[in-house]
Amino acid sequence: MSRAVRAAVAALVVSLSAHVAAANSLRDVAAARGFFVGAAVDSTALAKESKYRTTLGREFNVCVGENAFKFENIHPAPGMYAFGPADSIVTFAETKGMRVRGHTLVWYQQLPAWVRNGSFTRDEAIALLREHITTVVSHFRGKIWAWDVVNEAVADDGSGLRTTSFWYQKIGADYVDLAFQIAHEVDPDAKLYYNDYGAEGDGAKSDAVFELVRGLQQRGVPIDGVGWQMHVRSGFRITDAHRANADRIAALGLRLTVTELDVRVVLPATAEKLAVQAESYRDIIAFCAAHPAFDAVLTWGFTDKHSWIPRFFKGEGAALPFDAKYKRKPAYKAMKTELARALNRRP
Ligand code: XIL
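Rules and cut-offs
Residues numbered from 1 in each chain as written. Predicted model: local features only at pLDDT ≥ 70, side-chain atom pairs only at ≥ 80, totals over all residues. Heavy atoms only, no water. Helix = DSSP H or I, 4+ residues; strand = E, 2+ residues; numbered from the N terminus. Buried < 20%, exposed > 50% of the residue type's maximum accessible area, 1.4 Å probe, protein only. Contact = heavy atoms within 4.5 Å. Areas by Shrake-Rupley, 256 points an atom, 1.4 Å probe, with all protein chains shown as cover. Near = heavy atom within 4 Å. Polar contact = N/O pair within 3.5 Å; in protein donor to acceptor, adjacent residues only side chain to side chain. 1 Å grid on protein atoms, 1.4 Å probe; cavity = no way out; pocket = protein on both sides within 12 Å on 5 of 7 lines; lining within 4 Å. Sits in = over half its atoms within 2 Å of the grid points. Nonpolar A, V, L, I, M, F, W, Y, C, P; charged D, E, K, R; others polar. Core = buried A, V, L, I, M, F, W, Y, C linked by side-chain atoms within 4.5 Å. Domains from an automatic or database assignment. Lys, Arg positive; Asp, Glu negative; His and termini not counted. Salt bridge = Lys/Arg side-chain N within 4 Å of Asp/Glu carboxyl O. Points joined across faces, edges and corners; volume = space filled by probe spheres on them. Axes fitted to C-alpha atoms, helices over the stretch in contact; angles between N-to-C directions. Left-handed = near helix turned anticlockwise from the far one by under 90°.

Trainee: So what exactly am I meant to see when it comes to the overall build of the chain here?
Mentor: Within the chain, the secondary structure is distributed over 15 helices and 10 strands. Oriented by its inertia axes, the alpha-carbon framework of the chain measures out at about 85 × 40 × 40 Å. Counting only residues that meet the buried cut, the chain has 54% of its 347 residues in that class. Relative to all contacts within the chain whose residues are 6 or more apart in sequence, the contacts with residues 24 or more apart total 77%. Surface summary for the chain: the accessible area is close to 14700 Å², and the carbon and sulfur share equals 54%.

Trainee: How do you make sense of the site of the ligand when you look at a structure like this?
Mentor: Around the ligand sit 15 residues in total, of which Glu 66, Lys 70, His 103, Glu 260 and Trp 300 are the nearest. The contact in question runs from an oxygen atom of the ligand to an N or O atom on the side chain of Glu 66, over 2.5 Å. Between the ligand and the protein, one listed contact pairs an oxygen atom with a side-chain N or O atom of Asn 67 at 2.9 Å. Contact with the protein chains hides 89% of the accessible area of the ligand, taken as 420 Å² for the molecule alone. Comparing atom positions with the cavity grids shows the ligand to sit within the largest pocket. When its residues are assigned to classes, the shell around the ligand shows four nonpolar, six polar and five charged.

Trainee: Is there a simple way to think about the nonpolar core in this case?
Mentor: Across soluble globular proteins, nonpolar side chains show a tendency to be buried alongside one another. Phe 69 and Trp 147 are the most contacted members of the largest nonpolar core, which has 102 residues in total. For this core, the leading source of residues is helix α10 (residues 175–186), giving eight residues. When residues of this core are sorted by domain, at least three fall in each of domain 1 (26–60 + 230–234 + 254–347) and domain 2 (61–224). Among the nonpolar cores identified, the runner-up in size contains 11 residues, and Val 62, Ala 296, Leu 298 and Trp 308 belong to it.

Trainee: Even after reading the chapter, I still don't get the side chain of Glu 200, so can you show me in this structure?
Mentor: Residue placement: Glu 200 occurs in the loop between β5 (191–196) and α11 (204–218). As a buried residue without a salt bridge, Glu 200 has its nearest oppositely charged side chain in Lys 205, at a separation of 8.1 Å. Sequence-distant contacts of Glu 200, defined by excluding residues within four places in its chain, comprise Ser 206, Trp 228, Gln 229, Met 230, Ala 241, His 242 and Asn 245.

Trainee: Would you take a moment to explain empty space enclosed by the protein for this structure?
Mentor: The gaps left among the atoms become clear once a water-sized probe is rolled over them. Counted under the stated rule, the structure contains two cavities of 30 Å³ or more. What the largest cavity holds in volume is close to 40 Å³. Forming the boundary of the largest cavity are Lys 70, Phe 71, Thr 104, Leu 105, Val 106, Trp 107, Gln 109, Gln 110 and Leu 111. Ranked by residue count, the leading element in the lining of the largest cavity is strand β3 (residues 99–106), at three residues.

Trainee: Sorry, what's going on with the layout of surface pockets here?
Mentor: Computed from the structure, the largest pocket encloses a volume of approximately 630 Å³. Surrounding the largest pocket, 29 residues form its lining, Glu 152, Tyr 197, Gln 229, His 231 and Trp 308 being those nearest its centre. Of the domains in this structure, domain 1 (26–60 + 230–234 + 254–347) and domain 2 (61–224) are the two that each give at least three residues to the lining of the largest pocket. Taken as a whole, the second largest pocket encloses approximately 160 Å³ of empty space. Around the second largest pocket, the lining residues are Val 41, Asp 42, Ser 43, Thr 44, Glu 66, Asn 67, Ala 68, Lys 305, His 306, Ser 307, Trp 308 and Arg 311. Split into classes, the residues belonging to the lining of the second largest pocket amount to three nonpolar, five polar and four charged. Per-domain counts for the lining of the second largest pocket show at least three residues from each of domain 1 (26–60 + 230–234 + 254–347) and domain 2 (61–224).

Trainee: Just checking my understanding: could you explain the pattern of salt bridges for this structure?
Mentor: In a structure, side chains of opposite charge can pair up when their charged atoms sit close to one another. Throughout the structure, instances matching the rule amount to 20 salt bridges. With a shortest N-O distance of 3.3 Å, Glu 49 and Lys 305 are connected by a salt bridge. Here Lys 305 lies in the loop between β9 (294–299) and α14 (309–312) and Glu 49 lies in the loop between α3 (43–48) and α4 (50–59), a separation of 256 residues in the sequence. Given a relative accessible area of 43%, Lys 305 falls into the partly exposed group. The closest approach of N and O atoms between Arg 282 and Glu 279, which form a salt bridge, is 3.0 Å. Here Arg 282 pairs with Glu 279, and both are found in helix α13 (residues 271–290), just three residues apart, close to one helical turn. One salt-bridge network, held together by shared partners, links Asp 156, Arg 162, Asp 196 and Lys 205.

Trainee: Whenever I open this one, α4 confuses me. Can you help?
Mentor: Every α-helical turn comprises 3.6 residues, leaving residues that sit three or four positions apart pointing alike. Taken together, the buried positions of α4 are occupied by Tyr 52, Thr 55, Leu 56, Gly 57 and Glu 59. Residues of α4 that are buried in the fold lie against α2 (26–31), β1 (36–41), α3, α6 (84–96) and α15 (330–345).

Trainee: Looking at this structure, how should I read the packing of helix α8 (residues 122–139) against α10?
Mentor: Helix packing for two helices is described by the angle between their axes and how far apart those axes are. Running from N to C, α8 and α10 cross one another at 35 degrees; their axes reach a closest spacing of 9 Å. With respect to the hand of their crossing, α8 and α10 are arranged in right-handed fashion. Contacts from Ile 126, Leu 129, Arg 130, Ile 133, Thr 134, Val 137 and Ser 138 in α8 reach Tyr 175, Leu 178, Ala 179, Ile 182, Ala 183, Glu 185 and Val 186 in α10. Here the residues of the contact of α8 with α10 sort into 10 nonpolar, two polar and two charged.

Written out as structure tokens, the structure reads:
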């Protein structure tokens, strides 16, 4: 080979590997195998920070509003809907070729005071539920891949539904059925999920969630999947209990998504702690990307600059794959490596 040819070949190799590295975002790795990797979006950061937008659009092929679709934000006063922030997320996703999950239609938290403190008969509460779901789902019809129709309806002790919920108190247990039925009538193409935390492995709450979704199915209520939030502590590992629970949900014919993953560490975050955290991310991704019932994994945010953890868990934080300066953390690398490996094992 002449020196000129050798130089040309070397240049080609350099440019090819640069191309591969550039193509090697989380979303590229996932999309190559028809999988979805996503993040919750803070609509204020989306509007204000170009680094936020660049990272989000480069790395993820699905997103979800962290707060913008919640009742108190999207329906702040009777008959008044504020779609702006949620629309901005959907528009961003459209321009970047990302899918959107809608979170959430029916939840006992983040309800506005006019709902929480209002006096409603059962019929009035049903009318409110129907108006809310109909208005929101029809506004986004055709644009939402999957809705978290009902969030956190099951009591933490697994005794059944959370009886302190506004919806349970005003309507009764059938508010869950109603919510899914209405959402399906309005957008028959959207996938409908039940979403909860602390119901991923074994235990009374996992059993109660399983019974809830099985009951919905038996009654012919349209449900497509179950969301596992997975707000976990560093050191977390998938166990046989998670496998068994995923398998029994899958055996019902339901899909699964990890909807709100974050792995919090006790602050201050050191290199050692972030290495331990990365192994939890690795383990979770390895499991759900290889399991045929999982469609997607979404983290709850993506940069430690915008994360709910420090506000809600005192002394903990640094829970996401990018640090507060948008630098990739060991958790990011573990996610990418494991996505590629696990998706190759997918049947
Ligand atoms: C959290 C948001 O991240 C916070 O910004 C907000 O103040 C409270 O809600 N489970 C859920 C999410 O289903 O909607 C919650 O999001 C986190 C726990």
